[in-house]
Each structure stands twice: as C-alpha cells, then as structure tokens.
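Fold and contact review
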Amino acid sequence: MKCDDCINLLETYLDGEATERESDQIQTHLATCSMCANQLETLTAESEMFTRYDREMEISPALWNGVAARIALEDRQAESKSKTGLGEWIAGLFAMPAFRFAMPAMALVLIALLVGLAYWRTRPQAPAHGENIARAGNPKPINPTGSNSGVQQNDNPVPAPTFDSTGADEGHGPKIIAVNFPPRSRAMNIGRPTDQSDVLPDTENNNGGTMEERDTASHLEQAQNLLLSFRNIKYSDTDEEVDVSYEKSESRRLLSENIMLRREAESSGKFPAKSMLGSLEPFLIDIANLPDKARPADVRQITDRVQRTEIVAELRSY
Amino acid sequence: MNSSADLVSRACRGDHDAFRMIFERYSRPVLSFIYDQIGDRDAAEELAQETFVRAYRSLKSLREETKLSTWLFGIAKNVTRESIRSKVRDRRNVDLDDDQVLDLSDQSPVPVNQLLDKEFNQVVQRSLAKLDDDKRMVFTLKVLHQRSYEEIAEITGFSIPKLKTDLHRARAEMRQRVGRYIGTIGT
C-alpha cells in the first residue's frame, strides 16, 4: 500500500469502518511507515480531544413536563375529536334529504318550549305556604316547601337548598331570588314554589352535582396539604438528594384525580373549579415527575414557584 | 425487561411510564444532538420536546428492525431542519457576525489556565456553527455521538460516499479551527 492510499483510508480505519482487507493492509503499512503512523496518532488525539467537548447539558424536569403535558393534550384532543366525529355523523343524518324536515321542526319545538316557559314564569302565582321562611340573610338551610317534604329532606344526604332575597324579582309574593341549587335544579325550581315535586331538589341530579363539588373540595384540600408538606421538606443545599418519595406518590395519585375533576368541571361549565384545578395541575406534574431522591435544586425550584405563585393561598381561599 | 423493544411495545399499548423511560434514556443524546446543530440551548429544549412528542405520536410506525436511538435521531434531525429553515438559522447567522466568533483561525498560543476547558467548549461550539448544515450533522453524529456510517446514512438519508466526503471535509475544517487544542485538553 502506498502512503496516499493509506492516508485516504486512515479516517475510515479510525472510525472502525474499514473492511477487514483494508484494515490488514493499513496495519501492515503503518508498521513500516512512521509518517502515516504519526498521522494516525494525530487523528486519534483529535478524536480523543472531541470526546472532551462538554456542552454542559442538563435535562431539566421542565423538559419532560412539557412533553407529558403535550402528550396529555393530544390524547384529550384525540378523544374530543372522536366525540366530534360522532356529532358530525348525527348532523350528517339530518343533512340527508329524508331528514331535512327535522331541523325546522326542531326549531319550532324549541320556540314553543321557550314561549311556554316564559308564560309559566310570568303568570300570576298564588302565595306558597312556605313564603314566610324566605327571609333575607337566613343562615340556616330552610325547607322551602314546609313540613310536607320532610321525608325527602331526611332521605336526601344533600344539604337543603337555601334562599336569599336580595334580587330583583319583586312583586310576586315571596322574594325568592336565588336558590343555592346547582344550576340545573335552579332553572327548574325558580318561580314554582307551590309545586312541591318541582321545588324539591332533584335528588339524582343534586347528588351528582354536590358529590362532584364535594370531591373537588376534598381534592383541593388534599392538594393544599401536599403542597404545604412539600414546601416544608427539610433539607440543606449541601444534601446530595432529598427524599420526596411520599410527596411524589401522593402527587401522582392527586394528578390523575385532578385531571378527571378538571374534565368534569369543564364539561359541566364550572369554570372557577376548572381554573383552580388547571392552576394546580402543573405543580402536581412537577412533583409527580421528580425521582424518589430528588436533587435539592429541583425541589427548591418547585417550592420557590409554590411560594411565588401563592397557589396554597389560592387553594385555601377557594 | 426494559429493552428498547420492550419499552416501545409497552408505550404503544399506552403505558406512559414506558414512554417516560424511553425519554429518560434518550433525552440527553437527543438534546445534545439538537444543540450541536443549532447552538441555542432554549431552542434545543423546545425542539427536543417536539421530537419526543412526534416520537410518541408515531411510535406505532417504528419498524422492529430500526434501532430506537437511530429513529429518534432521525426525528430530531427533521425537527431541527424544519426549525433551521424557519427561524433559528437567522438567529445563528446574527450571532456569527460577531467578530469574536469569527476569530477562530487565530494561531496565537493558547493560555493554559483553568478556563481552558471552558474556552475549548466555546470554540468547538462556535466552530460547529461555522460548518454547513450537512457537514455539521455528519460530523456531530460520527465524532460526538459515535454513530456508524450506516446509522448516519439512515438518520440523514445521505449516501455513504456523500457522508464520508462531508465527514472528511468537516474534520479538516474543525482541525483548522480547534486543532490548536490537541494535546492541551484534559491533560
């Protein structure tokens, strides 16, 4: 082998990509040619030098958090897309020539319902026998239907509805302006105090709504405790690692609960709850993604953010 | 149990922990590779994030015979190229107008002090930025990430002769700019 051929193959040889035959020839040549051997030595030193290149790259927890959040978002979007697909399919049915009459018919039915509802709400009403209890500022839950409803009240684990009389619906007997029912029940009950079946809370719906609110309240309380516990972890900057295994596992549990509650709040239009749960979620994600033995710097980063954003105060005041 | 193939198969079935392990295993080389291409730490993190989101999205399309790391580098290469085309390139070009960056062929004696390693790192990073895109990619994959020619061809889509030529030229350019540090770094 000539020197030129050897030099041309040296990089390939150094990269471990020369064929067996080429390698044999190069080795034979190097044994007798100091110039080519020196060249190989320089190339080897050069490669060695580049292995010292240090980009000082650290993988911050935020990187995974970003990936996880985007994946979760994509999963949610895919889920809602499949629902939209179903909606479009149903809409497609109505768009078919055979069903075209359905849209105007449905519009007429809706108009009729609205007119009926407006009439119902504005018609003169007889005073209800429970009107004397609709007082302003009554701090206790009051049964708006009198004693006859006792059986349902007792069986119902949900607190009885309360009233206040500060609104503007004046001149129609009892001044029941706002009933502390969940939205669906309120729409059904306002203005129909004499009809007990309607005034009484809809047990099924109220149970669902109140349970959800109670779950959210309990969840937020647990999250608040978790954040307080995390904020109070004792460590010093000289520690190599901080044991956050308990907070991490707790955070993982609360995170899945948080996602579920936030979705429920969103679908039922409870935007304050959705917003609160949404603010909480990044903290849960961050803690859930820490290793069991976290670096003090990572722990401090989260606790600083907990303090800076005053999330605990926000949870407390919710 | 936690081989790449096993992790991929579990992640395809919706196991988020498995995907997390894939991330933990490959995030550093992928992030470094992207940083080598664009020289911007924040942008590199964004693109690494995009790389793993895309990987998650198309995990099911990963062929069994493809090495996971090679596949991830391929996605990172696409993400980086797209970004370079749109905005990052402009930013780097502005940076490169800095005289300090261009003064790399200076052959004055290298100061031997505790800042030498740091200086070396900066010079390598700036020298990489001076290479054209193809050469930079081939050089970083071979010299900094120790990928085989076959893997580089798979990641970049280049033929073996082209990547060998690019690699040879990139080495020559890098030698001209960084060669003065040979024997002084890490000794």
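1. Quick notes on the overall build of chain A
- What chain A contains, in helices and strands, is 13 helices and 4 strands.
- Expressed as a percentage of contacts within chain A between residues at least 6 apart in sequence, the contacts between residues at least 24 apart total 59%.

2. Here's the deal with the overall build of chain B
- When you go through chain B residue by residue, the secondary structure sums to 9 helices and 0 strands.
- For chain B, the N- to C-terminal ordering of α and β elements is α-α-α-α-α-α-α-α-α.
- Every one of the 187 residues in chain B was classed for burial, and the buried ones make up 36%.
- Looking at chain B alone, contacts between residues at least 24 apart form 67% of all its contacts between residues at least 6 apart.

3. Considerations on the packing of helix H1 (residues 4–12) of chain B against helix H2 (residues 16–38) of chain B
Residues and elements named next belong to chain B.
- In the contact formed by H1 and H2, the axes pass within 7 Å of each other and the chain directions differ by 140°. Here H1 lies oblique to H2, going by the angle between them. The hand of the H1/H2 crossing is left-handed. Counting all contacts with H1, which are made through Leu7, Arg10 and Ala11, the residues of H2 involved are Ala18, Phe19, Met21 and Ile22.
- A breakdown of the residues in the contact of H1 with H2 according to their chemical character gives 6 nonpolar, no polar and 1 charged.

4. Description of the interface of chain A and chain B
- Taken together, the contacts link 21 residues of chain A with 29 residues of chain B.
- Of all elements in the fold, only helix H3 (34–51) and helix H4 (61–95) of chain A reach the threshold of two or more residues within the side of chain A that touches chain B.
- Tallied by class, residues from the side of chain A that touches chain B come to 10 nonpolar, 2 polar and 9 charged.

5. So, the confidence of the model for chain B
Residues and elements named next belong to chain B.
- Counting all residues, the mean pLDDT for chain B is 82, and 81% of those residues have values of 70 or more.
- Low confidence marks residues 96–106, where pLDDT is under 50. Its contacts with residues over four positions away, or in another chain, come to 11 contacts.
- Across the predicted assembly, pTM comes out at 0.51 and ipTM at 0.79.

6. Section: the environment of Glu22 of chain A
Residues and elements named next belong to chain A.
- With respect to the helices and strands, Glu22 occurs in helix H2 (residues 20–32).
- Note on Glu22: 16 C-beta atoms within 10 Å, which makes it partly exposed.
- With 12 residues separating them in the primary sequence, Glu22 and Leu10 have C-alpha atoms 9.8 Å apart.
- Once residues within four sequence positions are removed from consideration, Glu22 is found in contact with Leu9 and Tyr13.

7. Let's talk about the environment of Gly66 of chain A
Residue and element names in this part refer to chain A.
- With respect to the element layout, Gly66 can be found in helix H4.
- On the basis of neighbour count, Gly66 is assigned to the partly exposed category, with 19 C-beta atoms found within 10 Å.
- The spacing of Gly66 and Ile285 is 219 residues in sequence and 9.8 Å in space, taken between C-alpha atoms.

8. Re unusual backbone geometry
- One non-glycine residue, Glu56 of chain A, lies in the positive phi region at around 55°.
- Mapping Glu56 of chain A onto the fold places it in the loop between H3 and H4.

9. A look at helix H9 (residues 160–178) of chain B
- Compared with an ideal rise of 1.5 Å per residue, which puts 19 residues at 27 Å, H9 of chain B spans 26 Å between its outermost C-alpha atoms and is within 8% of the ideal.
- Along H9 of chain B, the residues that are buried comprise Leu163, Lys164, Asp166, Leu167, Ala170, Arg171, Met174 and Val178 of chain B. Viewed end-on, H9 of chain B has its buried residues packed into an arc of 165°, placing them on one side of the element. Residues of H9 of chain B that are exposed and point more than 90 degrees away from the buried face comprise Pro161 and Ala172 of chain B.
- Buried residues belonging to H9 of chain B abut helix H1 (3–14) of chain A together with helix H6 (116–130), helix H7 (133–144) and helix H8 (149–156) of chain B.

10. Side note on H3 of chain A
- The terminal C-alpha atoms of H3 of chain A lie 26 Å apart, and with 18 residues this matches the ideal 26 Å at 1.5 Å per residue to within 8%.
- All of the buried residues in H3 of chain A are Cys36, Met49 and Phe50 of chain A. Looking down the long axis of H3 of chain A, one finds its buried residues gathered within 135° of arc, a one-sided arrangement. Summarising the geometry of H3 of chain A, the exposed residues directed more than 90 degrees from the buried face are Ser34, Asn38, Glu41, Thr44 and Thr51 of chain A.
- Looking at the buried positions of H3 of chain A, the neighbouring elements they touch are H1 and H2 of chain A together with H7 of chain B.

11. A look at the nonpolar core
- Of all hydrophobic cores here, the largest spans 74 residues; its most connected members are Ala223, Leu280 and Leu284 of chain A together with Val30, Ile34, Ala44 and Val138 of chain B.
- Among the elements that take part in this core, H2 of chain B stands out by supplying 10 residues, more than any other.
- Setting aside anything within four residues of it in sequence, one finds Val30 of chain B in contact with Ala48, Thr51, Leu72, Phe73 and Ala76 of chain B.
- Counting 6 residues, the second largest nonpolar core, distinct from the first, contains Cys6, Tyr13, Leu30 and Cys36 of chain A.

12. Description of the environment of Ile34 of chain B
Residues and elements named next belong to chain B.
- Its place among the elements puts Ile34 in helix H2.
- Take Ile34: there are 29 C-beta atoms within 10 Å of it, and that puts it in the buried class.
- Here the alpha-carbon distance between Ile34 and Val79, two residues 45 residues apart in the chain, equals 8.9 Å.

Reading the values: the criteria
Along every chain, residues carry numbers that run from 1 in the direction the sequence is written. Each chain takes a letter, starting from A, and each ligand takes a number, starting from 1, following the order in which they are written. Only residues with pLDDT of at least 70 are given local features in this predicted model, and only at 80 or more are side-chain atom pairs given and counted; all residues enter the totals for whole chains, interfaces and linings. Here a helix means four or more residues in a row that DSSP labels H or I, a strand means two or more in a row labelled E, and each is numbered from the N terminus. Our contact criterion uses C-beta atoms placed from the backbone: two residues qualify when those atoms are within 7 Å. Here a residue counts as buried when 20 or more other C-beta atoms sit within 10 Å of its C-beta, as exposed when there are 12 or fewer, and as partly exposed otherwise, the C-beta atoms being derived from the backbone. Lines fitted to the C-alpha atoms define the axes, with helices restricted to the stretch that makes contact. Angles between their N-to-C directions range from 0 to 180 degrees. Oblique is the label for every angle not falling under 35 degrees (roughly parallel), over 145 degrees (roughly antiparallel), or within 65 to 115 degrees (roughly perpendicular). Two helices crossing with the near one rotated counterclockwise from the far one by less than a right angle form a left-handed crossing, whereas a clockwise rotation gives a right-handed crossing. When residues are grouped by polarity, Ala, Val, Leu, Ile, Met, Phe, Trp, Tyr, Cys and Pro land in nonpolar, Asp, Glu, Lys and Arg in charged, and all others, Gly among them, in polar. The predictor attaches a confidence to each residue, called pLDDT, with possible values from 0 through 100. Expected span of a helix: the number of residues minus one, times 1.5 Å. Note that the arc is computed from the directions linking the helix axis to the C-beta atoms. Any nonpolar core is a set of buried residues, restricted to Ala, Val, Leu, Ile, Met, Phe, Trp, Tyr and Cys, that join up through C-beta atoms within 7 Å.

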